[in-house]
Amino acid sequence: MTDRHAQDGIAKTGLLVLVVGPSGVGKDTLLDAARERLKGVGHICFPRRCITRPAGSVGEIHIPVRSEDFSQMARQGAFLLSWKAHDLCYGIPRHVQDDVAHGKTVIVNVSRSVIDDACALLGHDHVRVLNIRANRDVLRKRLEARGREDALDIERRLARASAYQVDGNNIVHVDNDADLETGIARFIAAIEIDQAIATRA
């Protein structure tokens with residue numbers, strides 16, 4: 001039987017891994033690779049996000065939701081976490097809380113603005129934050145290569161990246177400015193490390 005806290009009923013082994021980092025740092029690439037390589041590991045899962053973006057759009061595979069429906073779903077408690085960025089709404093499905101309660105390690109890409117909300121909902125012992133980092137030159141090349149922004153937008157994103165800070169407990173910094181395989185290996189290692197070690201990081 002899984003050991004549980006008496007007060008909150010959350011399994012001690014359950015963990016919500018929040019992946020954060022500035023635009024262009026390579027979060028989606030790392031998540032896609034980890035999802036593929038860890039798909040046989042039963043206790044690790046990568047739920048899809050609900051996004052107010054049409055199906056088939058460039059970017060991650062997501063659950064498309066209309067803006068008006070998103071607001072109603074949020075009011076009805078459909079999301080564990082939700083936020084707005086770049087004129088889109090994002091939501092992490094409520095079932096993620098149940099997955100953590102049943103001892104699973106759940107990895108989600110989120111805004112740093114919801115870190116405190118996640119800790120309040122699940123407890124600090126059940127939340128790990130992976131802060132993905134890369135140097136300015138690498139970020140510039142990646143932003144230019146993906147072709148979504150013009151030169152001015154790129155400079156704005158680089159400025160925001162320079163000011164990007166994540167503070168608090170259970171933060172694991174993952175440098176993603178080397179080759180892809182190195183980045184993937186570092187990312188998966190950060191998911192799999194013992195929570196006690198992550199707390200001291």
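Residues numbered from 1 in each chain as written. Predicted model: local features only at pLDDT ≥ 70, side-chain atom pairs only at ≥ 80, totals over all residues. Heavy atoms only, no water.

> Whenever I open this one, the environment of Asp 32 confuses me. Can you help?
Its place among the elements puts Asp 32 in helix 1 (residues 27-37). On the basis of relative accessible area, Asp 32 is assigned to the partly exposed category, the value being 43%. (Helix = DSSP H or I, 4+ residues; strand = E, 2+ residues; numbered from the N terminus. Buried < 20%, exposed > 50% of the residue type's maximum accessible area, 1.4 Å probe, protein only.)

> Would you mind showing me how to read the packing of aromatic side chains here?
Each pair of aromatic rings is reported with the distance of its centres and the angle of its planes. This structure, assessed with the given rule, holds 2 aromatic pairs. A centroid spacing of 4.5 Å and a plane angle of 25 degrees characterise the contact between Phe 70 and Phe 79, whose relative ring orientation is stacked. On the basis of relative accessibility, which here comes to 5%, the residue Phe 70 falls in the buried class. Each ring, one from Trp 83 and one from Tyr 90, has its centre 5.5 Å from the other, and the planes form 5 degrees; the classification is stacked. Sitting above the plane of the Tyr 164 ring, Arg 112 keeps its charged end 4.0 Å from the centroid. (Phe/Tyr/Trp six-rings, centres within 6.5 Å; stacked < 30°, edge-to-face > 60°. Lys NZ or Arg CZ within 6 Å of the ring centre and 35° of its normal.)

> Would you take a moment to explain helix 7 (residues 180-192) for this structure?
A turn of α-helix holds 3.6 residues, and therefore any two residues three or four places apart point the same way. With 13 residues, helix 7 should reach 18 Å at 1.5 Å per residue; the first-to-last C-alpha distance of 19 Å fits that figure. Gly 183, Ile 184, Phe 187, Ile 188, Ala 190 and Ile 191 are the residues of helix 7 that are buried. Buried residues of helix 7 fall within an arc of 155 degrees about the axis and therefore sit on the same side. Those residues of helix 7 that are buried lie in contact with strand 1 (15-20), helix 1, strand 2 (44-45), strand 7 (105-109), strand 8 (127-133) and strand 9 (171-175). One side-chain oxygen at the N-terminal end of helix 7 lies 3.3 Å from the backbone nitrogen of Glu 181; it belongs to Asp 179. (Expected span 1.5 Å × (residues − 1). Arc of directions from axis to C-beta. Contact = heavy atoms within 4.5 Å. Polar contact = N/O pair within 3.5 Å; in protein donor to acceptor, adjacent residues only side chain to side chain.)

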